[in-house]
Amino acid sequence: MIGIALALAFVIKTFFIQAFYIPSGSMENTLRIGDRVLVDKLTPWLGSTPSRGDVIVFRDPGDWLKDEPVPHVGAVHRALSLVGLVPSADEQDLIKRVIAVGGDTVKCTAGSPVSVNGVALDEPYLYPGATPCDNDSVGTVTVPEGKLWVMGDHRNNSADSRYHQLAVAGDGFVPLDHVVGRAVVVAWPVTHWATLPEPATFDQPRLQARATADAPEAEAPGLLGLASAVPLTLWLRRRRTAAADPTPPGADAPRRTE
């Protein structure tokens, strides 16, 4: 029974839900130091990609954690974390909020709110007193396809996409295949329990309209092909009907309904 329980815990941790420990204050006050969050790992396996506003856990995209010390834990903790019963303390993972996805243009300048595709974001989740972009004013950046632009909610205490983009151009983006999953709930401590939905600021009509602006163009070739296929099909049917009908031209033949 113990073996079965451990096997089930391992499967759940690997493919469904995993607990993660928050070691820093870069996402305060949404997530505080010592919080445990539950991360949905199933949707990435099913091909779903993060949306703007999601809080995600992702693997280090390239030396983002090179200066961070790796905590020392005992053998018992390692064994329990392997099967998902406690959060892992030594995985090189980060947690941030998705601000923009592939194809988006982000503008982040000192003294102004963050804007995505020209739409200013109202960010009530920011740490009280934090400025949207003042400490790492990166200017205007276009996110490549297949990448994400992420920021911490405590902007003045977060080495996020802005910081790494300023350090080395191109290093501020997170590849989609580095995403571990979406954080869905703060599970511990009980006094911090909360869900982590997408903020309403990312539902602005103009932002959503920009996200779907290319949809009609993408569907146009298919619609054009369908439109041209209908006359061709009718013409072929008439040819087959004429070939099968022995009535000579000009004779009184029964009318066919097609």
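Located above this text is the structure these notes cover.
Residues numbered from 1 in each chain as written. Predicted model: local features only at pLDDT ≥ 70, side-chain atom pairs only at ≥ 80, totals over all residues. Heavy atoms only, no water.

Undergrad: I tried to follow the state of the cysteines on my own but got confused; where do I start?
TA: Between two cysteines, a covalent bond joining their sulfur atoms is known as a disulfide. The tally for this structure, following the rule as stated, stands at one disulfide. Across a sulfur-sulfur distance of 1.7 Å, Cys 108 and Cys 133 are joined as a disulfide pair. In this structure the cystine formed by Cys 108 and Cys 133 twists about its S-S bond by roughly -110°; its chirality is therefore left-handed. Highlighted residues: Cys 108 in strand 5 (residues 105-108) and Cys 133 in the loop between strand 7 (119-120) and strand 8 (139-142), separated in sequence by 25 residues. For Cys 133, a relative accessible area of 0% translates into the label buried. (Disulfide = S-S within 2.5 Å. Helix = DSSP H or I, 4+ residues; strand = E, 2+ residues; numbered from the N terminus. Buried < 20%, exposed > 50% of the residue type's maximum accessible area, 1.4 Å probe, protein only.)

Undergrad: Help me out: how do you make sense of the sheet that holds strand 6 (residues 115-116) in this one?
TA: The strands that make up a sheet pair up through hydrogen bonds in the backbone, lying either parallel or antiparallel. Taking strand neighbours across the sheet as the criterion, the four strands line up as 7-6-5-8 in an open arrangement whose pairing is antiparallel. Strand pairing shows two members of the sheet lacking a second neighbour, strand 7 and strand 8, which therefore form its edges. Pairing geometry for strand 5 and strand 6, over two bridges, is antiparallel. Bridge pairing in strand 6 links Val 106 to Val 116. (Pairing = 2+ DSSP bridges.)

Undergrad: So what exactly am I meant to see when it comes to the pattern of salt bridges here?
TA: Pairing between side chains of opposite charge can happen when the charged atoms of each approach one another. In total, this model carries five salt bridges according to the counting rule given. Between Arg 182 and Asp 54 there is a salt bridge, with the nearest N and O atoms lying 3.5 Å from each other. In this pair, Arg 182 is assigned in strand 11 (residues 179-188) and Asp 54 in the loop between helix 2 (42-45) and strand 3 (55-59), connecting sequence segments 128 residues apart. With a shortest N-O distance of 2.7 Å, Arg 155 and Glu 123 are connected by a salt bridge. Taken together, the residues Arg 155 in the loop between strand 9 (147-151) and helix 4 (161-167) and Glu 123 in the loop between strand 7 and strand 8 connect sequence positions 32 residues apart. Here Arg 155 matches Glu 123 in class, with each residue buried. (Salt bridge = Lys/Arg side-chain N within 4 Å of Asp/Glu carboxyl O.)

Undergrad: Can you walk me through unusual backbone geometry in this structure?
TA: Most peptide bonds adopt trans geometry, and most residues besides glycine take a negative phi value. Cis geometry marks the peptide bond from Glu 28 to Asn 29, where omega comes out at -5°. One can find Asn 29 in the loop between strand 1 (17-21) and strand 2 (36-40). Going from Trp 188 to Pro 189, the amide bond is cis rather than trans, its omega being 0°. Tracing the backbone shows Pro 189 in the loop between strand 11 and strand 12 (194-195). A positive phi is found at Asp 63, a non-glycine position, where the angle reads about 65°. You can see Asp 63 is positioned in the loop between strand 3 and helix 3 (75-82). The backbone phi angle of Asn 117 is positive, close to 55°, even though this residue is not glycine. With respect to the secondary-structure elements, Asn 117 resides in the loop between strand 6 and strand 7. Residue Asn 117 is classed as buried on the basis of its relative accessible area, which comes to 9%.

Undergrad: Got a minute to help me understand the nonpolar core in this structure?
TA: Generally speaking, a soluble globular protein has its nonpolar side chains buried in company with each other. In this structure, Ile 99, Val 106, Val 114, Leu 121, Trp 149 and Met 151 are the most contacted members of the largest nonpolar core, which totals 19 residues. Listing elements by their share of this core, those giving two or more residues are strand 4 (93-101), strand 5 and strand 9. Contact partners of Val 106, with chain neighbours within four places excluded, come to Ala 100, Val 114, Ser 115, Gly 139, Thr 140, Val 141, Val 143, Trp 149 and Met 151. Phe 20, Ile 22, Met 27 and Val 57 belong to the second-largest nonpolar core, a separate cluster that totals 13 residues. (Core = buried A, V, L, I, M, F, W, Y, C linked by side-chain atoms within 4.5 Å. Contact = heavy atoms within 4.5 Å.)

Undergrad: Mind showing me how you'd approach the packing of aromatic side chains here?
TA: Two descriptors summarise a pair of aromatic rings, namely the distance from one centre to the other and the angle between the planes of the rings. Scanning the entire structure with this criterion turns up two aromatic pairs. Ring geometry for Phe 58 versus Trp 64: centroids 5.8 Å apart, planes at 90°, classification edge-to-face. The burial state of Phe 58 is the same as that of Trp 64; both residues are buried. With a centroid separation of 5.8 Å and 55° between ring planes, the pair formed by Trp 149 and Phe 173 is classed as tilted. (Phe/Tyr/Trp six-rings, centres within 6.5 Å; stacked < 30°, edge-to-face > 60°.)

Undergrad: I'm lost on the pairing of strand 2 in this one. Help?
TA: A regular strand carries its side chains on alternate faces of the sheet. Relative to strand 2, strand 1 is paired through five bridges, and the arrangement is antiparallel. Following the sheet pairing, Ala 19 is matched in strand 2 by Leu 38. As defined by bridge partners, strand 2 adjoins strand 11 across five bridges and the pair is classed as antiparallel. The residue bridging Arg 36 from the neighbouring strand is Trp 188, located in strand 11.

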